[in-house]
Amino acid sequence: MGMFDGKTVLVTGGNRNTGLFIVKKFIEEGARVFLCGSTKESTEKGAGILASWGLKGFRAIPCNVSKSGEVKALFDVIEKEAGHLDILVNNAAHQGIGKPFVEMEPDYLMEVLGTNVRGGFQVTQQAVNRFFLKQESRGVVVFLSSNTAQRAIRNRTAYCASKGAINSMVRALALDLGPLGIRVNACAPGYIYTERWDALPEATRLRRRLNCPLRQEAKGSDIANVVAFLAGDQNSNMTGEIVTCDAGCSCQHMPEDVDR
Ligand SMILES: NC(=O)c1ccc[n+]([C@@H]2O[C@H](COP(=O)([O-])OP(=O)(O)OC[C@H]3O[C@@H](n4cnc5c(N)ncnc54)[C@H](OP(=O)(O)O)[C@@H]3O)[C@@H](O)[C@H]2O)c1
């Protein structure tokens, strides 16, 4: 018997990297999963990867979460095809990479916030208003935040700001939605192995691992397991929490090679 038998789940950004592992986890635990990437091409590519892993029981629909009309259209499909939704995972993110603050146009900040904050806000609002409040079983929301909300990284002002906003939004939503029977939590990862790691020099990978007390970046499955824990019915008394999963990076003041 699976942890999510009979449940319907939406994973935004479920077509690539960590999102694929979150989708995989829910399918393996018995759920029916809807997922989206931002475009038709990227969403179809993700569906192809999931199929190549032998997975069934998912439906991939393109949706740019920063666009209200596309979010509504996605929920129209979920309503028509599933008729209910139990779990929402707000995983989609604009990484905001490559723009130092001194060169960053304010419009770029709004673009990052548009996906990470507005996107999470409006997808959650649709889930709550269209499904959770109408269902006896209510629903659960899990956001993907980042440890960079607390400990910033360089040249990522917009991204770090967006993840700080997500943490605040999670706590505010927990207050507003808790009395209605809806839990809202976040997983805050540190380094995760993604296809971007393949482009790094080996020396950089090793140095990053030295930065982690556990000496390793997370696998997608590590993050998926935390998301599943936060989404599970056994976790019925937890809301408004940001659960860090970063190999111990946030515990330390200095990495080992500069702390002797
Ligand atoms: N990787 C890390 O080391 C790390 C560390 C801390 C936190 N996190 C967080 O963990 C989550 C997963 O990280 P990741 O590295 O696996 O992400 P990623 O590789 O950057 O993938 C981002 C995903 O979000 C989707 N997306 C981006 N903009 C979108 C939009 N406007 N509408 C819909 N989908 C959109 C992308 O779809 P497309 O394929 O269409 O672009 C893709 O599926 C993110 O929330 C990230 O911020 C990651």
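Everything discussed here concerns the structure shown above.
This is a predicted model, so every value here is computed, not measured. (Residues numbered from 1 in each chain as written. Predicted model: local features only at pLDDT ≥ 70, side-chain atom pairs only at ≥ 80, totals over all residues. Heavy atoms only, no water.)

> How should the packing of helix H4 (residues 106-130) against helix H5 (residues 157-177) be read in this particular structure?
Pairs of packed helices are described in terms of their axes, by the angle between the two and the distance that separates them. It is the contact of H4 with H5, at a shortest axis distance of 9 Å, that shows an interaxial angle of 20 degrees. Considered as vectors, H4 and H5 are oriented roughly parallel to each other. By crossing handedness, the relation of H4 to H5 is classed as right-handed. Along the contact surface, H4 presents Leu109, Val112, Leu113, Asn116, Val117, Gly120, Phe121, Thr124 and Val128, while H5 presents Ala158, Tyr159, Ser162, Ala165, Ile166, Met169, Leu173 and Leu177. (Axes fitted to C-alpha atoms, helices over the stretch in contact; angles between N-to-C directions. Helix = DSSP H or I, 4+ residues; strand = E, 2+ residues; numbered from the N terminus. Parallel < 35°, antiparallel > 145°, perpendicular 65-115°, else oblique. Left-handed = near helix turned anticlockwise from the far one by under 90°. Contact = heavy atoms within 4.5 Å.)

> Hey, could you run me through the pattern of salt bridges in this one?
Opposite charge on two side chains lets them pair, provided their charged atoms get close. Evaluated as defined, the whole model comprises 13 salt bridges. Note that Glu44 and Lys40 form a salt bridge whose closest N and O atoms lie 3.2 Å from each other. Taken as a pair, Glu44 and Lys40 lie in helix H2 (residues 40-52) at a separation of four residues, close to a single helical turn. Between Glu81 and Arg59 there is a salt bridge; the shortest N-O distance is 2.7 Å. Within this pair, whereas Glu81 is found in helix H3 (residues 68-81), its partner Arg59 is found in strand E3 (residues 58-60), the two being separated by 22 residues in sequence. A relative accessible area of 32% places Glu81 in the partly exposed class. (Salt bridge = Lys/Arg side-chain N within 4 Å of Asp/Glu carboxyl O. Buried < 20%, exposed > 50% of the residue type's maximum accessible area, 1.4 Å probe, protein only.)

> Even after reading the chapter, I still don't get unusual backbone geometry, so can you show me in this structure?
Most peptide bonds are trans, and most residues other than glycine sit at a negative phi. Residues other than glycine seldom take positive phi values, yet Asn155 does so here, at roughly 60 degrees. In this structure, Asn155 sits in the loop between strand E5 (139-144) and H5. Take Asn155: its relative accessible area is 45%, and that puts it in the partly exposed class. The residue Ala247 is not glycine, and still its phi comes out positive at about 55 degrees. Counting through the fold element by element, Ala247 comes out in the segment after strand E7 (242-245).

> For this particular structure, what's the right way to read the site of the ligand?
Around the ligand lies a shell of 28 residues, among which Asn15, Asn17, Ser38, Ser42 and Tyr159 are the nearest. Between the ligand and the protein, one listed contact pairs an oxygen atom with a side-chain N or O atom of Asn17 at 2.6 Å. The side chain of Lys163 places a nitrogen or oxygen atom 2.9 Å from an oxygen atom of the ligand. When the free accessible area of the ligand is taken as 900 Å², the share hidden by the protein chains comes to 91%. The set of elements that each furnish at least two residues to the shell around the ligand consists of helix H1 (17-28) and H5. (Near = heavy atom within 4 Å. Polar contact = N/O pair within 3.5 Å; in protein donor to acceptor, adjacent residues only side chain to side chain. Areas by Shrake-Rupley, 256 points an atom, 1.4 Å probe, with all protein chains shown as cover.)

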